Amino acid sequence: MSDQSPDKESQPDGCDEGMTRRSFLRKSAVLTTGLAALAAGLSPLLGIENFPSMQEFMQKYYKELTPEEMAKVLERIEREVEKQYGIRPHVRDLKPMDGVEYVYCLNLSRCIGCRKCVHACVAENNQSRNPEIQYIRVLQMQNGSFDMEKAVHDYNPEKVPEKGHFYMPVQCQQCKNPPCVKVCPVHATWKEPDGIVVIDYSWCIGCRYCEAACPYWARRFNFAKPSIPKERLNPEMDYLSNRPRKQGVMEKCHFCLQRTRAGSYPACLEVCPTGSRKFGNILDPNSEVSYILKNKRVFIQLKEELGTSPRFYYYFDV
Amino acid sequence: MKDSPKITVVLNVLIVVFLALAVTFLVRSRNNQVALQKIPLVDPDYIKTATVRASYAELAGAKEDLSDFDCYGCHEKGKPPTLRFDDKHILIVPEEHKDIVMGHGRNNRNNICTNCHDETNLELFQTRDGRQLKFSESSQLCGSCHGPNYRDWEAGAHGRTSGYWKRDMGPIVRKDCVSCHNPHSPKFPGRHPAPPPNMLHPLAKPTPVAEGEH
C-alpha cells in the first residue's frame, strides 16, 4: 500500500515518507502479534519455580573457589534451605581422603531384592519424592542368565526372593573411565581422586548429555522442582552430594560422600538386611573389600566390554 | 507492498489468527499444569537398620529380660532332658518350647537338640569337637560347623558390618550370627519388598521366557 500522497507534508526530521495512521496501525498490529508469539513461545519459563539467586548465578567454578568463598557459598545454601524447609542444615564441603580409593562389592548370592537400599538412599540423600527419583534400581534377573533385557524392574510379589530369580541392584558405578565426564560440555561433573564421580549442581546446565552417555542409566534428571517432605529432610549435607537440588539439574549416586568421606558406610549398606553390600578402601589391604577381591572367585562388572572400568564388583559366593 | 486488496485481507486475517493463537497459548499454558500422580511416602519400617533378632550378648548388654535363657528355672539340675522322636524319627518339640520351629539343615539332618545344647549343663553349648561355649559365644558354635562362612564373617565379608569403614575414625558394629539367623531355623524367610519404582510411563514388559529356554 503506497504511503505517497501528494498533499502530505514532509516530516521535520527529514523522513520523506510520513507515517499514516493506517500504516502505523498495521505495523503495530504486526509487532504486537510478533511480541505475543514470542511471549507465548517463552511461556514455559513461567513454569520454572526456582531461579538461581544472583549470588548463585555469579558463583565461580567449584575448583576455583577459595576456602573463604566456599564458606560463604555453604552459608548461603544453609540459609536457602532453612528458608524453604524450615530446618537449618549443616552443609559441609568434605575433601577426598589421601590414599583412599573406594570400591563397592555386591554379593548377588545374598541379595533378596527387598529394595530397602533404594529407600534408605532416597531418605539419606534428599531425593525428590514426587516426581520420584531413586538412584538405585533393583533388577530381578532370571537364574542362569545375565541378560538385562529380560530383567524386571517393577516386581512386587508377596515375598522376595522369588524362586528362579536373583536380584541385582544397579546404581552409579563410579567408573574409572567415566563416559559421563567426557561428554559434559561445561565440566559440571568430574572424577575426584578417591574415585567418586561428582556433580556440581550449581554449575550443571541440564543438557542431559551425561544421561545419554551413561550405559547404566545411573544419572537422574530433575524435570520438575524436587519435592521433599519437610519431616524427612536429612540436614547433614554436603555441597557435592545431598543438598537439595533445583529443577533442571542432574543428580546421581555419589557413594554418600557426606558419610563416606567422614569415614562411615553409605546408607544403602547400613540398611541392607542380608549384608550383601560391602564397601571400603581398595588401597587398604585389611579392608573387607580387599578380602573379597582376593578370595572370592566369580566377579562380574556390568557392561565390561564398554571399557568404563566400573568400581562396582558383583560376585557370587554360594 | 502491492496495492492488492486480496493480500491485505489475507494478511489482516493472518494477523488476527496469530494473535488469537498466541493469546490462547499463553492462557492455556498458565492454567494447564499437568497433575503429578500421587505417590505415597514409603513406610519408615523399610529404612530401619535394626536386625530382626537380638543375640544373647546384645540382650545382656542392653539389660533386657533374659528369663528366656534361664533353663534351670524349669529344668532340674543333673537331670538331662529326654528327647522324643516320632516314628519317622522327626523330633517332637515339647509343648513348653512350642515357639521353636526346628528347621536347621535339610532333610531334618540337624534337628536334634543335643547337637548344639549340652544336656549335662543346659546353660552351655557343646561343639562336635568337645568345646563348651557360653550363650554369648554362640557365633563360635555356628563356626564350628560352618567354617567358610565363619571365616568370611571374621573378615567382615559375611553379614552386617555398620558404622565406620575407616576403623580409626569411629566404631564398627558387628552382628553375631543369631542377630540375623534364627538358630533353630536359620534360613531366612521371605519378606515383602519395598514399593517398586513409579514409572512416568510403563516399561515395556519383557517377552515371557518359557521354562528351560534361555
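Notes on the structure in this doc start here. Along every chain, residues carry numbers that run from 1 in the direction the sequence is written. Lettering of chains starts at A and numbering of ligands starts at 1, both following the order in which they are written. Given that this is a predicted model, residues contribute local features only at a pLDDT of at least 70 and side-chain atom pairs are listed and counted only at 80 or more, while totals for whole chains, interfaces and linings are drawn from all residues. Based on all heavy atoms of the structure, the side-chain values leave hydrogens and waters out of the count.

1. A short note on the overall build of chain A
- Per the convention used, a helix needs a DSSP run of H or I reaching at least four residues, while a strand needs a run of E reaching at least two, with both numbered from the N terminus. For chain A, the count of helices and strands is nine helices and twelve strands.
- We compute the radius of gyration from the C-alpha atoms alone; for a globule the expected value is 2.2 Å times N to the 0.38, where N is the number of residues. Taking 2.2 N^0.38 as the reference for a compact globule, 318 residues should give roughly 20 Å; the C-alpha atoms of chain A span a radius of gyration of 27 Å, well beyond that estimate.
- Projected onto its principal axes, the C-alpha coordinates of chain A cover approximately 100 × 50 × 40 Å.
- Only protein chains enter the calculation, and the probe is 1.4 Å; a residue is then buried if its accessible area is under 20% of its type maximum, exposed if over 50%, and partly exposed in between. Across the 318 residues that make up chain A, the buried fraction comes to 54%.
- Note on definitions: a residue-residue contact is assigned when non-hydrogen atoms from the two residues lie within 4.5 Å. For chain A, long-range pairs separated by at least 24 residues make up 65% of all intrachain contacts whose partners lie at least 6 apart in sequence.
- The accessible surface values rely on the Shrake-Rupley method and a 1.4 Å probe; as for residues, cover is taken only from the protein chains in view. Accessible area for chain A stands at about 14,700 Å²; split by element, carbon and sulfur atoms hold 56% of it.

2. A few points about the nonpolar core
All names here are of chain A.
- As used here, the term nonpolar core means buried Ala, Val, Leu, Ile, Met, Phe, Trp, Tyr and Cys residues forming a set that is joined through side-chain atoms within 4.5 Å. Counting 58 residues, the largest nonpolar core has Tyr-102, Met-168, Tyr-239, Phe-255, Phe-279 and Tyr-314 as its most contacted members.
- Elements with a minimum of two residues in this core: helix 3 (67-85), strand 2 (102-107), helix 4 (116-124), strand 3 (137-142), strand 4 (165-170), helix 8 (267-271) and strand 12 (312-316).
- Among the elements that take part in this core, helix 3 stands out by supplying six residues, more than any other.
- Here Met-168 is in contact with Leu-108, Arg-137, Val-138, Leu-139, Met-141, Phe-146, Met-148, Leu-302 and Tyr-314, once residues within four sequence places are set aside.
- If you look at the next biggest cluster of nonpolar residues, it comprises eleven residues, including Ala-188, Tyr-201, Cys-204 and Cys-210.

3. A word on the sheet that holds strand 2 of chain A
All names here are of chain A.
- Whether two strands pair depends on DSSP finding at least two bridges between them. Spatially, four strands are ordered 10-2-12-11 in an open sheet, and the strand pairing comes out mixed. Looking along the sheet, the strands with just one partner apiece sit at the ends: strand 10 (277-281) and strand 11 (298-300). Strand-to-strand twist in this sheet, taken as the mean axis angle between neighbours without regard to direction, amounts to 30°.
- The pairing of strand 11 with strand 12 spans three bridges and is antiparallel. Residue pairing in the sheet places Phe-299 in a bridge with Tyr-315 of strand 12. In this analysis, axes come from line fits to C-alpha atoms, helices being fitted only over the stretch in contact, and the angle between any two N-to-C directions falls in the range 0 to 180 degrees.

4. Describing the interface of chain A and chain B
- Counting residues at the interface gives 71 residues for chain A, matched by 58 residues for chain B.
- When two parts are brought into contact, each loses some accessible area as probed by a 1.4 Å sphere; the total of that loss over both is the buried area. Here chain A meets chain B over a buried area of about 5,500 Å², counting both sides, of which 60% is carbon and sulfur.
- Salt bridge, as used here: a side-chain nitrogen of Lys or Arg that lies within 4 Å of a carboxyl oxygen of Asp or Glu. At the surface where chain A touches chain B, the tally comes to two salt bridges.
- Residues B:Arg167 and A:Glu288 are paired through a salt bridge, measuring 2.9 Å at the closest nitrogen-oxygen approach.

5. Concerning the pairing of strand 12 of chain A
All names here are of chain A.
- Burial within strand 12 is extensive, with four of its five residues counted as buried.
- As defined by bridge partners, strand 2 adjoins strand 12 across four bridges and the pair is classed as parallel. Bridging from a neighbouring strand, Tyr-104 pairs with Phe-312 of strand 12.

6. Quick notes on the side chain of A:Asn125
Residues and elements named next belong to chain A.
- Looking at the secondary structure, you find Asn-125 in the loop between helix 4 and strand 3.
- Here a polar contact is recorded for every N or O atom pair within 3.5 Å, except that within protein the pair must consist of a potential hydrogen donor and a potential acceptor, and residues adjacent in sequence are included only if both atoms are side-chain atoms. Within the local environment of Asn-125, its side chain forms a polar contact with the side chain of His-254, the two groups lying 3.5 Å apart.
- Setting aside residues up to four positions removed in sequence, Asn-125 forms contacts with Tyr-135, Asn-242, Arg-245, His-254, Cys-256 and Gln-258.

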